[in-house]
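# Secondary and tertiary structure notes
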Amino acid sequence: MRGLLLHLLRWIWVPLLLGAVALAIWGVSNGQYGEVYRWFNILCYSCIGLGS
Amino acid sequence: MDESRPPRWLKWRGKIQALSTILVNSYFLKGLTGGCCIPVLNCWACPAAVASCPIGALQNAAGQARWQRSAGGSLLSLVPFYILGTLVAFSVLLGRFMCGWLCPFGWLQDLLGRLSRRKLRLPNWTGYLRYVFLVGLVFVVPYLTTELWFCKICPQGALEGGIFQPLVHPELRADIGTLWYIKQAMLVAWLVAFVYIRRPFCRLMCPLGAIFALFSRVSVLQIKFNPNKCNNCGWCEEICPAGLDPRKQVNSHLCISCLECQKCPQGAITTLPIWRLHSDSESQVKKGNLPSCATRCNN
């Protein structure tokens, strides 16, 4: 059992990485990159501390 | 390879941190990379920032999710897969390497930390506070209020956006109000804390570090402590920028993977890919350094 858990721990990064990359690509294909780009180009008053 | 000598590239950490800070604030790539979420805490309100702060982007996504849900949007469309997927991918590969080697705010903490040898130690439980900021101020409150509440208190924003934007754009100075003064006061408090506490922002508040820490235990990059080589000199605990004791807290969720402990004079701390972390005894058996029963020992 311990061997199985160690084996899982050693290689679980593979499906995690593949899943993360797939999700990122899926998000980009659904326009989320464009949304981030749009937010980037809007001056962030909260970040600067302007206004109330 | 002589394991008692640290890898030469470790001495480049400060220079790499400086280079990373310059690159993410190099201005000229703005038009190309503005939609990229870089895995470091660099305020996108900085006039020279070339890419988006992932924490700001997550807050925006949470606020937008509120509007989309009100308009009948599907649950899947509410989740910022691009941002989360990017961050998880970096974390799974490199753990918190970005915190220790690339983050501009981490670099600032390291620089100011050199000003005093006297350090205040924080209890370990304080490392869980950043998860409260992550869940509360990055997801829940922005979803409920559609405002970027973490950005309102972020000291990196106060430094890079709050100081440099009004300098570069004088027309913004008319909008300076109470929030700006509060942010600057908080920034000053953090800067003082950086001198007397090791990486306090990373430990107490950074939501990006909190995300990376979730996956750092299973990331490819791992640190191994060999107690057989350790002579308990305490050198690693003395130099750890995160205020940890690597002998006890190696691969802790608070570790920033700066790899400074790898300079151990005894060579007791090394960096390994995760698939070798638990199988080192197997390779030693194959080399003839250990008896065959070593692979069955609990280590």
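The notes below deal with the structure included here.

### Details of the overall build of chain B
Across its full length, chain B carries 17 helices and two strands. For a compact globule of 299 residues, the expected C-alpha radius of gyration is about 19 Å, and chain B comes in at 21 Å, within 12% of that figure. For the C-alpha atoms alone, the extent of chain B along its principal axes is close to 70 × 50 × 40 Å. Here chain B holds 299 residues, and the buried ones make up 53% of them. Partitioning the contacts of chain B with sequence separation of at least 6, the portion at a separation of at least 24 is 73%. Carbon together with sulfur atoms contributes 64% to the accessible area of chain B, which is approximately 14200 Å² in total.

### Some remarks on the state of the cysteines
Residue and element names in this part refer to chain B. This model, assessed by the stated rule, comprises one disulfide over all chains. The thiol sulfur of Cys233 is not disulfide-bonded, and the nearest other cysteine sulfur, from Cys264, lies at 6.0 Å. Considering cysteine sulfurs only, Cys258 is the nearest to Cys240, which forms no disulfide, with 5.7 Å between them. Accessibility expressed as a relative area gives 9% for Cys240, which makes it buried.

### Section: helix α6 (residues 104-113) of chain B
Residue and element names in this part refer to chain B. The element α6 is extensively covered by neighbouring structure, given that seven of its ten residues are classed as buried. Taken residue by residue, α6 has Pro104, Phe105, Gly106, Gln109, Asp110, Leu112 and Gly113 as its buried positions. In this structure, the buried side of α6 is in contact with α1 (13-24), α9 (155-160), α11 (178-196) and α12 (200-204).

Definitions and cut-offs
Residues numbered from 1 in each chain as written. Chains lettered and ligands numbered in written order. Predicted model: local features only at pLDDT ≥ 70, side-chain atom pairs only at ≥ 80, totals over all residues. Heavy atoms only, no water. Helix = DSSP H or I, 4+ residues; strand = E, 2+ residues; numbered from the N terminus. Rg over C-alpha atoms; globule rule 2.2 N^0.38 Å. Buried < 20%, exposed > 50% of the residue type's maximum accessible area, 1.4 Å probe, protein only. Contact = heavy atoms within 4.5 Å. Areas by Shrake-Rupley, 256 points an atom, 1.4 Å probe, with all protein chains shown as cover. Disulfide = S-S within 2.5 Å.

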